[in-house]
Every structure is written in structure tokens, then in C-alpha cells.
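Given next are the chains, with one letter for each unit.
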Amino acid sequence: YETLLFDQRRELHRFAAVALERLAPEAIEQIAHHAFAGADWRRALRYQANAGRRAQRIFANHESAEHFRKALRCAEELPDDETAGERLEIHRDLGQVLGSIGQYDAALDQLRQALDLAARSSDADASAAVCRWTGYVHELRGDFGAAQTWIQRGLDALGARETDATAELYAIAALISTRRGDYQQAMERCEASIRIALAAGRPATRAFAYNARA
């Protein structure tokens, strides 16, 4: 390998990524590695993001963050208008991961970039999701006032629509109110969450709201 020219190495990595994708599609991390090393930016973006989310699900947060950073590096090599949706999700997920490992300022920076992309696309649901995770980061650092503000921003983004996301935001707001000692407000938000979750037919969110009320 060390005797090969750089272009030859890159070409071999590309071949390896394509072969693995066909023969072992479950080998997400290996495909991501070879596609990235082969400068196959479109394939690398997809697999680095997928590898980041798989690591996130098993709480391998440092590994997850590295995959997400590589995914964003891939996006830099592609046209902005082709990757806006993917970059939004990656910035959001990276912000969540960084918040989980205590890198709060870096997390908020990623979430700000995600929110900017959501605003550009006028995607209210994406904006609400980013606000939800921004509130989560502030909650982790103990700034419950800022956390409540961001949860309310998420609700404002959704407007009058009463969706599963609305119910979840109300339940989170209730938990934050509990931590602030405002139990009356917490109960009111739990009831709102339960009512909306019942109408939306989402038992998991309704269970979350019942748990918050308990």
C-alpha cells in the first residue's frame, strides 16, 4: 500500500467501498471509511452519517461525533443545494451528541447551524426539532430558563398544529417546569401533552406524558 501513488490508493478505496456496498451492505463503518478515503464524497456522506447514527444509538458518542464531522467534510465537496437537508440533520444530530458528552458550546454551535438551514428551507417541523434539542442542551447545563425558552420556540414554530412533536414538546416543557418547582404549570403542560397525543394516536408519546405527570 505504501508503494502506491496517492491516486492509486484513492481508486482502490473507491473500489473497496463499491464492493462492500454490494457484498456486505451491513458493513456501514467500513464502507464509510473506504468511501471517505477514496474521496467518493456522495457515498461517503451517506455512510458516514449512517455510521454516526448507528454509533449514537449505542451511546458511542465520541465515535458518533467523528463520523458526523467526516460527513460534514464530505458535504463541503458537494453542491450546497444538494446537501442542505442532509447537513441540517447532521448538524442537529452532532449537536445532540456533543451535548451528551458535555461539549455544550460546540453543541449549541452545531444546533445554530441546523436552525439556520431549517429557516432557509422554511421547514417548521425541522425548526421545532432543532429547538427541542437546543432546549435539551441548555437543560443539561442546568439553565432551565433558557431550556424553557427554546421549547416554547419549538411550539411557536409548529403554530396551531397539534402533532406528535407538539405533544412531546409539551411533555418536555412539563419536566423542565418540575425542575424549576412550578408544579401547577407542569401539570397543565402534561395535560396538554396527553390530550394532543391521544388525538394523534401516538401511544409512545402519551406514555411519555403520563410518566412526566406521575
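Residues numbered from 1 in each chain as written. Predicted model: local features only at pLDDT ≥ 70, side-chain atom pairs only at ≥ 80, totals over all residues. Heavy atoms only, no water.

1. Brief notes about helix H11 (residues 203-213)
Given 3.6 residues per helical turn, the α-helix brings residues three or four places apart onto the same face. Where we set the bar: The cut-offs for exposure are 20% and 50% of the maximum accessible area for each residue type, with area from a 1.4 Å probe on protein chains only; residues under the lower value are buried, those over the upper are exposed, and the others partly exposed. Only DSSP runs of H or I reaching four residues or more are called helices, and only runs of E reaching two or more are called strands; each is numbered from the N terminus. The arc in question is the one spanned by the directions pointing from the helix axis to the C-beta atoms.
Of the positions making up H11, those classed as buried are Thr205, Ala209 and Ala212. With its buried residues spanning 60 degrees around the axis, H11 presents them on a single face. Exposed side chains of H11 directed beyond 90 degrees from the buried face belong to Pro203, Ala204 and Asn211.

2. Description of the environment of Tyr170
Cut-off, in case you're wondering: In this description, contact between two residues means that some pair of their heavy atoms is separated by no more than 4.5 Å.
Here Tyr170 shows up in helix H9 (residues 164-179). In this structure Tyr170 comes out as partly exposed when scored by relative accessible area, which is 26%. Sequence separation between Tyr170 and Ile194 is 24 residues; the distance between their C-alpha atoms is 8.9 Å. Residues within four places of Tyr170 in sequence aside, it is in contact with Leu155, Arg189, Ala192, Ser193 and Ile196.

3. A closer look at the nonpolar core
Put simply, the rule is: Among the buried residues, those of types Ala, Val, Leu, Ile, Met, Phe, Trp, Tyr and Cys that are joined through side-chain atoms within 4.5 Å form a nonpolar core.
Counting 35 residues, the largest nonpolar core has Leu45, Leu88, Ile90, Leu94 and Val130 as the members making the most contacts within it. Secondary structure elements with two or more residues in this core: helix H2 (28-37), helix H3 (41-57), helix H4 (61-76), helix H5 (80-100), helix H6 (104-120) and helix H7 (124-140). For this core, the leading source of residues is H6, giving 7 residues. Beyond its immediate sequence surroundings of up to four residues, Leu94 is in contact with Ala65, Phe68, Arg69, Leu72 and Gln110. Residues Ala147, Ile151, Leu155 and Leu169 belong to the second largest nonpolar core, which totals 9 residues.

4. So, unusual backbone geometry
As a rule of thumb, non-glycine residues mostly have phi less than zero, and peptide bonds are mostly trans rather than cis. For Phe59, which is not a glycine, the phi torsion comes out positive at approximately 65 degrees. If you trace the backbone, Phe59 turns up in the loop between H3 and H4. You can call Phe59 exposed: its relative accessible area is 68%. With a phi close to 55 degrees, Ser122 is a non-glycine residue in the positive phi region. Its place among the elements puts Ser122 in the loop between H6 and H7.

5. Here's the deal with the packing of H6 against H7
Quick reminder of the rule: The angle between two axes is taken between their N-to-C directions and runs from 0 to 180 degrees, where each axis is a line fitted to C-alpha atoms and a helix contributes only its stretch in contact. By definition in this entry, angles of less than 35 degrees are roughly parallel, angles greater than 145 are roughly antiparallel, angles of 65 to 115 are roughly perpendicular, and the rest are oblique. Each crossing gets its hand from how the near helix is turned against the far one by less than a right angle, where anticlockwise is left-handed and clockwise is right-handed. Under this grouping Gly is polar, as are all residues other than the nonpolar Ala, Val, Leu, Ile, Met, Phe, Trp, Tyr, Cys and Pro and the charged Asp, Glu, Lys and Arg.
Remark: H6 packs on H7, axes separated minimally by 9 Å, with the N-to-C direction vectors making an angle of 165 degrees. Between H6 and H7, the interaxial angle falls into the category roughly antiparallel. Of the two elements, H6 crosses H7, and the hand of that crossing is left-handed. Residue-level contacts link Tyr104, Ala107, Leu108, Leu111, Ala114, Leu115, Ala118 and Ala119 of H6 to Ala126, Ser127, Val130, Cys131, Trp133, Thr134, Val137, His138 and Leu140 of H7. Considered class by class, the residues forming the contact of H6 with H7 number 14 nonpolar, 3 polar and no charged.

6. Brief notes about the pattern of salt bridges
Where charged atoms from two side chains of opposite charge approach closely, those side chains can pair. We count it as follows: Salt bridges are identified by distance alone: a Lys or Arg side-chain nitrogen within 4 Å of an Asp or Glu carboxyl oxygen.
The final tally for this structure, using the stated rule, is 21 salt bridges. With a closest N to O distance of 3.6 Å, Glu89 and Arg53 form a salt bridge. Of this pair, Glu89 sits in helix H5 while Arg53 sits in helix H3; the two residues are 36 residues apart in sequence, bridging distant segments of the chain. Ionic pairing is found between Glu168 and Arg132, a salt bridge with its closest N-O pair at 3.6 Å. Residue Glu168 is located in helix H9, and its partner Arg132 is located in helix H7; the two are separated by 36 residues in the primary sequence. With a relative accessible area of 29%, Glu168 lands in the partly exposed category. Residue classification places Arg132 among the buried positions, given a relative accessible area of 15%. Through salt bridges that share partners, Glu21, Asp40, Arg43 and Arg46 make up one connected network.

7. Some details on the packing of aromatic side chains
Condition: Centres within 6.5 Å are what make two rings of Phe, Tyr or Trp a pair, Trp counting through its six-membered ring; a difference in plane orientation under 30 degrees is then read as stacked, over 60 as edge-to-face, and the rest as tilted. Charge-over-ring contacts are defined here by two conditions on Lys NZ or Arg CZ: a distance within 6 Å of the ring centre and an angle within 35 degrees of the ring normal.
Using the criterion set out here, one finds 2 aromatic pairs in the structure. Here the aromatic rings of Trp133 and Tyr136 are separated by 5.1 Å at their centres, their planes lie at 85 degrees, and the arrangement is edge-to-face. Residue Trp133 and its partner Tyr136 are located together in helix H7, separated by 3 residues, close to a single helical turn. With a relative accessible area of 18%, Trp133 lands in the buried category. Over the aromatic face of Phe36 sits the side chain of Lys70, whose NZ or CZ is 5.4 Å from the ring centroid.

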